[in-house]
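Listed here are the chains, written in short residue letters.
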Amino acid sequence: MLQLPFIRDNKETVLAGLRKRHFPNADATVEQVLALDQQRRDTQRELDDILAQSNAKAGQIGALMKAGDKTAAEAAKVETASLKARSKDLADTLRQLEADQQSVLVTLPNIPHTSVPEGRSAEDNEVVLEHGEKPTLHAGAQPHWELIKKYDIIDFELGVKISGAGFPVYKGKGARIQRAMINFFLDEALKAGYIEVQPPIVVNEDSGFGTGQLPDKEGQMYYVTEDKLYLIPTAEVPITNIYRDVILPENQLPVKNVGYTPCFRREAGSWGAHVRGLNRLHQFDKVEIVRIEKPGNSYAALEEMSQHVQGLLQKLELPYRVLRLSGGDMGFTSALTYDMEVWSAAQQRWLEVSSVSNFETYQANRLRLRSKVEGKMQLLHTLNGSALALPRILASILENNQTSAGIRIPSVLVPYCGFDTIS
RNA sequence: GGAGAGAUGCCUGAGUGGCCGAAAGGAACAGUUUGCUAAACUGUCGUACUGGCAACGGUACCGAGGGUUCGAAUCCCUCUCUCUCCGCCA
């Protein structure tokens, strides 16, 4: 959520940012927020004034009672009645104005960083770099959904029986390579100084709001109505919410956490072409890195996280590219996002396997995550990135590393899974 | 799930209607003293909104939300959570 004083003082910056995102009705919305803010402040001022008068009267009455002057006290009580009625009205008005203001404020996305490319969609994303050689496959090479059947390592039909489409069952070497990747990713993060956490994988409404999934992405999460809990779409939600309502001592910064969790996404309305096999699932595994940084350091941290993710892809020997998302394609809460995509040789397309973002103070404002930096209380910056999401990595390994003899496991994973070939 | 107890500032903990934004101790921070460390002493030590160039003010907050009252941390109601005991259980 954008900070109100920031909108007040930087209206043009905010408007320019919203335009970059192609946010509809930017001008009207900002005007509305500012008008509500003015009303709110006027009301609060008036209310505070009335309350100050009431407090003074109450003090006087107390003094009179103590002095035993009942008559004067009773007379003073009568005078408080109108103040009381007025303050009640004003308090109601204030509450309403705050609620109205909040409801508009939550519809405003984050302001994009200056380096974010102009654009409406994924077409306009900037390719920052491409790394590695796209492999040439042997004749008869197959897409991963054929390979998993051929080697019997993932069973979609079985998942349908147990749960539904998009909930695959990993079997044998399929299950073992998943476990291997999780451990590999976690170990690499530990080496990079991240502290491992195991958060809950269902969260309450406050948590969903804190990181910005609610109210924006309500329909994308599975919801347990009986207990009012959401299945997490990413570990970002529970891990970042560890720091909700927290004032971190400056010497504890930066915070670097890593966690492995399953992730659940309803993906309502997004099924169609290009979603075969592992390309899009309702449940998948992901290792996530989360950082909390002082404002001045967050972009350096973002680059470091990008390098970390790229390091993983290099070690896995997968051709990849890095995109800087355009204003129109970026997530609601992000100020700058890099997407990492691996090459899927049989599908002949890039698959997103990581998204690394700096949210600046957008989440911190909702989370009330602050620190006293140089004596001044201020919102911190939150960042996170997938390091990495498993299914598409697996898809890419299967497709890129297939030979007529079987699938070669990247050497870095061999110690983790205990085999070097799927055949 | 049943019964009981409780929720106060970074922590412990006092506070049962006005003198309480809140005692006291601890921690932390700054300074004095000191060969270093420690100790001792002194000071600082909540957050949010809001007015003001500032100095300095106003308001709110003692789990959350309502209520009683001129006045609520303190009384009443509802909810949430925590702890103890019992039950169930990976």
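These numbers come from a predicted model, not from an experiment. (Residues numbered from 1 in each chain as written. Chains lettered and ligands numbered in written order. Predicted model: local features only at pLDDT ≥ 70, side-chain atom pairs only at ≥ 80, totals over all residues. Heavy atoms only, no water.)

(A) Region of the structure containing unusual backbone geometry. The omega angle of the peptide bond from Leu-253 to Pro-254 is -5 degrees, so this bond is cis rather than trans. With respect to the helices and strands, the residue Pro-254 is situated in the loop between β8 (247–248) and β9 (255–264). Backbone torsion omega between Ala-387 and Leu-388 reads 5 degrees, so that peptide bond is classified as cis. Mapped onto the elements of the fold, Leu-388 is located in strand β16 (residues 381–389). Backbone geometry at Asn-25 places phi at a positive 60 degrees, although glycine is not the residue there. (Helix = DSSP H or I, 4+ residues; strand = E, 2+ residues; numbered from the N terminus.)

(B) The layout of surface pockets, seen in detail. Within this model, the largest pocket holds a volume of roughly 1400 Å³. In terms of lining, the largest pocket is formed by 48 residues, of which the most central are Arg-265, Asp-339, Glu-352, Ser-355 and Arg-392. Among the secondary structure elements, those contributing two or more residues to the lining of the largest pocket are β10 (283–293), β11 (320–324), β12 (336–344), β13 (349–360), β16 and α12 (390–400). The dominant element in the lining of the largest pocket, judged by the number of residues it contributes, is β13, at 9 residues. Looking at side-chain class alone, the lining of the largest pocket contains 17 nonpolar, 17 polar and 14 charged residues. Of the pockets and cavities examined, the second largest pocket occupies roughly 320 Å³. In terms of lining, the second largest pocket is formed by 17 residues, of which the most central are Phe-6, Asn-110, Ile-111, Pro-112 and Glu-360. Counting residues per element, the lining of the second largest pocket draws most heavily on helix α2 (residues 11–20), at 4 residues. The residue makeup of the lining of the second largest pocket, split by class, is 7 nonpolar, 8 polar and 2 charged. Each of two domains, domain 1 (4–105) and domain 2 (122–422), supplies a minimum of three residues to the lining of the second largest pocket. (1 Å grid on protein atoms, 1.4 Å probe; cavity = no way out; pocket = protein on both sides within 12 Å on 5 of 7 lines; lining within 4 Å. Points joined across faces, edges and corners; volume = space filled by probe spheres on them. Nonpolar A, V, L, I, M, F, W, Y, C, P; charged D, E, K, R; others polar. Domains from an automatic or database assignment.)

(C) Looking closely at the domain arrangement of chain A. Here chain A is described as being made up of domain 1 (4–105) and domain 2 (122–422). One C-alpha centre belongs to domain 1, the other to domain 2; they are set 44 Å apart.

(D) View of the sheet that holds strand β19 (residues 421–422). Read across the open sheet, the 3 strands follow the order β17-β18-β19; overall the sheet is antiparallel. Two strands bound the open sheet, and with one partner strand each, they are β17 (402–403) and β19. By the bridge criterion, 2 bridges tie strand β18 (residues 406–408) to β19 in an arrangement that is antiparallel. Residue pairing across strands places Arg-408 opposite Thr-421, the latter belonging to β19. Contacting β17, β18 and β19, helix α5 (residues 144–151) runs over the sheet at an angle of about 110 degrees to β18. (Pairing = 2+ DSSP bridges. Contact = heavy atoms within 4.5 Å. Axes fitted to C-alpha atoms, helices over the stretch in contact; angles between N-to-C directions.)

(E) Representation of the UniProt feature "binding site: L-serine" (unreviewed entry) in chain A in the model. Annotation from UniProt places "binding site: L-serine" (unreviewed entry) at Thr-234, Arg-265, Glu-288 and Asn-384. Those annotated residues from the list above that line the largest pocket are Thr-234, Arg-265, Glu-288 and Asn-384. Note that Thr-234 resides in the loop between β7 (229–231) and α9 (236–241). For Thr-234, a relative accessible area of 6% puts it in the buried group. Excluding anything up to four places from it in sequence, Thr-234 contacts Gln-213, Cys-263, Arg-265, Lys-286 and Glu-288. Within the structure, the side chain of Thr-234 is placed 3.0 Å from the backbone nitrogen of Glu-236, a separation counted as a polar contact. (UniProt positions renumbered as here; feature names shortened; annotations may be inferred. Buried < 20%, exposed > 50% of the residue type's maximum accessible area, 1.4 Å probe, protein only. Polar contact = N/O pair within 3.5 Å; in protein donor to acceptor, adjacent residues only side chain to side chain.)

(F) Inspection of the side chain of Arg-244 at higher detail. Assignment of secondary structure puts Arg-244 in the loop between α9 and β8. As a buried residue without a salt bridge, Arg-244 has its nearest oppositely charged side chain in Asp-206, at a separation of 4.2 Å. Reaching out from Arg-244, the side chain makes a polar contact with the side chain of Ser-207 at a distance of 2.8 Å. If sequence neighbours within four positions are ignored, Arg-244 has contacts with Asn-204, Asp-206, Ser-207, Leu-367 and Arg-368. (Lys, Arg positive; Asp, Glu negative; His and termini not counted. Salt bridge = Lys/Arg side-chain N within 4 Å of Asp/Glu carboxyl O.)

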